[in-house]
Amino acid sequence: MAKINLNNVILRMSAGTVSQFPKDSLPHVAFSGRSNVGKSSLINKLLMRKGLARVSAAPGKTVTINFYDVDGKFYLVDLPGYGYAKRSAQERSGWSRIVDQYLSSSSFPDVVVQLIDARIGPTTDDNTMLSFLNETGIPYIVVATKTDKLNKTEFEKMFQALRTHPLIAKDAEIFPFSALKPEGAGDIRRKIFSVLNVN
Ligand code: GTP
Ligand code: MG
């Protein structure tokens, strides 16, 4: 298959309802995690773009699902973050409705990138998502974000805690990542490409 052209990426749809989900059969990679964990920052690094996915200083604003069409080959799917305390009850139910609808739709993701804040560790909501992934059998990888906030000892402790976490499958790869450092995105990109069988 021809090489992926990362210059050919567009936001196909910022979907607030099921009817707006893309209807073609391209594979999907969905990014899941709590609000503010760094989903949009990771997507920008993977696509080598600065401002494509909006990085928010004010978290929790996105209750749309953003579908980035990557060179007409697959979608990177930026899910709205969960666990944002200051969201209203109405916004929260909007979140779970659209994410539930997406995850149970026929275009559910081929692989999920589950982000966990390295400094905070898995939250209750993260555990709920991990349980869901284990139950449905959707393949997933874990990305531990914001590793720049940890020193070496803290990092090793965190990594060990994730590796032995009962809800993280033994065969799920765990990637450390910091959006402030150049390294890290390459391994995650290669892993995604290999799962999707593109290059
Ligand atoms: P929502 O869209 O609200 O769900 O958030 P998100 O998960 O997309 O997080 P986003 O990428 O917008 O990042 C949230 C905040 O964390 C921003 O202020 C980022 O600059 C910061 N941030 C993201 N990644 C890193 C990282 O690796 N290290 C540090 N120190 N800060 C980061
Ligand atoms: Mg975001």
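Just so it is clear, the structure is predicted and the values come from calculations on it, not from any experiment. (Residues numbered from 1 in each chain as written. Chains lettered and ligands numbered in written order. Predicted model: local features only at pLDDT ≥ 70, side-chain atom pairs only at ≥ 80, totals over all residues. Heavy atoms only, no water.)

Enquirer: Explain the overall build of the protein to me, using residue names and the numbers behind them.
Expert: Of regular secondary structure, the protein possesses five helices and seven strands. The buried share among the 199 residues of the protein stands at 46%. Sequence-distant contacts, at least 24 apart, represent 73% of the contacts inside the protein between residues at least 6 apart. Looking at the protein as shown, the accessible area adds up to about 10,100 Å², and 53% of this sits on carbon and sulfur atoms. (Helix = DSSP H or I, 4+ residues; strand = E, 2+ residues; numbered from the N terminus. Buried < 20%, exposed > 50% of the residue type's maximum accessible area, 1.4 Å probe, protein only. Contact = heavy atoms within 4.5 Å. Areas by Shrake-Rupley, 256 points an atom, 1.4 Å probe, with all protein chains shown as cover.)

Enquirer: Tell me what's going on with the pairing of strand E2 (residues 28-32), and back it up with residues and numbers.
Expert: By the criterion of burial, E2 is predominantly enclosed, with five of the five residues buried. Burial along E2 is two-sided: the face carrying His28, Ala30 and Ser32 and the face carrying Val29 and Phe31 are both buried. Relative to strand E4 (residues 74-78), E2 runs parallel, the two being bridged by four bridges. Looking across to E4, one finds that Phe31 is bridged to Asp78. Summarising the sheet, E2 and strand E5 (residues 111-117) pair through four bridges and their orientation is parallel. Looking across to E5, one finds that Val29 is bridged to Val111. (Pairing = 2+ DSSP bridges.)

Enquirer: Just give me the short version of the nonpolar core, but keep the residues and values in it.
Expert: One finds Ile65, Phe67, Val77, Tyr102 and Ile168 to be the most contacted residues of the largest nonpolar core, which totals 29 residues. Counting residues per element, the ones that place at least two in this core are strand E3 (65-70), E4, helix H2 (89-103), E5, helix H3 (124-136), strand E6 (140-145) and helix H4 (152-163). Here this core takes four residues from H2, the largest share from any one element. Contact partners of Ile168, with chain neighbours within four places excluded, come to Ile116, Leu130, Tyr140, Val142, Leu162, Arg163 and Ile174. (Core = buried A, V, L, I, M, F, W, Y, C linked by side-chain atoms within 4.5 Å.)

Enquirer: Run through the packing of aromatic side chains, naming residues and quoting values.
Expert: Using the criterion set out here, one finds six aromatic pairs in the structure. Residues Phe67 and Tyr75 carry aromatic rings whose centres are separated by 6.0 Å and whose planes lie at 80° to one another, so their mutual orientation is edge-to-face. Overall, Phe67 belongs to the buried group, its relative accessible area being 0%. Taking 5.9 Å as the distance between ring centres and 70° as the angle between the ring planes, the aromatic pair formed by Phe74 and Phe193 counts as edge-to-face. (Phe/Tyr/Trp six-rings, centres within 6.5 Å; stacked < 30°, edge-to-face > 60°.)

Enquirer: Please provide a residue-by-residue account of the sheet that holds E4, values included.
Expert: Read across the sheet, seven strands follow the order E1-E3-E4-E2-E5-E6-E7 without closing on themselves; strand pairing throughout is mixed. On the outer flanks of this sheet lie strand E1 (9-15) and strand E7 (174-176), each paired with one strand and no other. In this sheet, neighbouring strand axes are inclined to one another by 20° on average, regardless of whether the strands run parallel or antiparallel. Its contacts with the sheet place H4 against E5, E6 and E7, and it is angled at close to 160° to E7. (Axes fitted to C-alpha atoms, helices over the stretch in contact; angles between N-to-C directions.)

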